[in-house]
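Close look at the chain arrangement
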Amino acid sequence: MSATNELEKVVRTAAEIMQETENDSQHKFLVEALVPCAVKMAISGKIKVGKTTFGLEIVRHVVRGVAWNGRAVQQAPVLYLTEQARASFKEELEAAGFGKDDVDLHVVHRPEVVHLGWPDIAAKAVALARDRGCKLVVIDTFNTWANVKEPFSPTAALEMNPLECLQNDGITVLFVFQSRKAECDIEDSIGGSYAFGGAIDLLLRMKKATGNQPNVRVVETMGRYPEVLSFAMRWVAERYEVVGDAHAVASAAVRQVLAALPELPSPGLTLEQIMEDSKASRGTVRRAIEQDATVVRSGAGTKTAPYIYNRSALGDSDQQPPETGLWPESNTKSVLEFDQNNSDANQLKTEPLEKCWPTPKVAGQDSQNTRPPNPKGKEGQAMRSEH
């Protein structure tokens, strides 16, 4: 049969695709707003961050059909390919809450099939998943099963291809990746290769929360499903409990550091020191500073005289009003209307950037010089040097 005739068997019109989507909308997710049906998805993270623990918790809810953190779950058998031997994985199962009645979880241990090559294992896994009626196949970790090592080559993603046919059967394949790469963008989190990110429909990156939150994990998301949002979860009573938005958790860690800033005239902290103490990104720290009306800034914003941040009470008439909205990326910024005689009247308003971009306070500077800096001149360069 010609290639053209082969395509005739599978070609569909847009109307047919949309009709199928409407009919299948109620079965779009195995786990609501987390695990879609019939996709390739991945979880990446550093060693011992909790990827297997999180994965097994999701699997337990799927095989039992029990809601996870208030999210609806479809009951379905699961095939789990683990790199661990029987003894160690049994401990993982016990810790995850599995028991003798969980007959819908089917496990293959790599040490028992290590003599087979990955293409052969993948082909047998496809047949096994279909035979057992599975709707989720987990490969933990894909690095070990497919014998791919970091940094991954652009062709390493081709090792996923033998499992791609499972999507036609409505089966989701979850690849677990161990990443040893330092902090990076989520799309580059799988072994430093964009190839895997492009081959995946939904990518989750799991990492420790910033600040003093040892039991909190942040799950960042990127992919073709806008319903799947980043979130944070806390390990409570041997289970993960969703505690809120990932960015809110990071901001909370920054606010803890800002709350402990020394009050003037004690020496303050630089932006880099706040980032180090809170383990948060530069953007998160900037937003938190901008939103905290009790944080004041001094310094020239240069390498030799960086900006220094302190805490100051708004009602103290001996202190200068806090400088907010100091990041030059936006055309409008918030400025504080400061009434020293009536602290209750203080409020935020929005004005054009050129009206509220204050000159940095530098020791010995004329306090009457309040002209805005020329963005193309030396002062503007000093203002931008922090970025």
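Everything discussed here concerns the structure shown above.
Everything quoted here is computed from the prediction, not taken from an experiment.

So, about the pairing of strand β10 (residues 231-236). One ladder, built from four bridges, connects strand β9 (residues 216-223) with β10; its direction is antiparallel. For V219, the partnering residue across the bridge sits in β10 and is F231. Note: β10 against strand β11 (residues 239-244), five bridges, orientation antiparallel. Within the sheet, the bridge partner assigned to M233 lies in β11 and is V242. Hairpin connection, β10 to β11: the antiparallel pair is bridged by two residues, and A237 has positive phi, about 50°.

Now for the pairing of strand β5 (residues 105-109). As judged from the five bridges shared by strand β4 (residues 78-82) and β5, these two strands associate in the parallel manner. Following the sheet pairing, V78 is matched in β5 by L105. Running through helix α4 (residues 86-96), the crossover from β4 to the neighbouring parallel element β5 is right-handed.

Moving on, we come to unusual backbone geometry. Of note, the amide linkage connecting D140 to T141 takes the cis form, showing an omega dihedral of -10°. The amide bond that connects L264 to the next residue, P265, takes the cis arrangement and shows omega of 10°. Tracing the backbone through its elements, the reader meets P265 in the loop between α8 (246-259) and α9 (271-278). At N147, a position not held by glycine, the phi torsion is positive, near 55°. Looking at the element boundaries, N147 is found in the loop between α6 (142-145) and β7 (172-178). By relative accessible area, which is 52% here, N147 ends up exposed. Backbone geometry at E238 places phi at a positive 65°, although glycine is not the residue there. Following the sequence through the fold, E238 ends up in the loop between β10 and β11. You can call E238 partly exposed: its relative accessible area is 47%.

What counts, and at which threshold
Residues numbered from 1 in each chain as written. Predicted model: local features only at pLDDT ≥ 70, side-chain atom pairs only at ≥ 80, totals over all residues. Heavy atoms only, no water. Pairing = 2+ DSSP bridges. Helix = DSSP H or I, 4+ residues; strand = E, 2+ residues; numbered from the N terminus. Right-handed = clockwise from strand over helix to strand, strands pointing away. Buried < 20%, exposed > 50% of the residue type's maximum accessible area, 1.4 Å probe, protein only.

Purely spatial values, then, with no claim about function.
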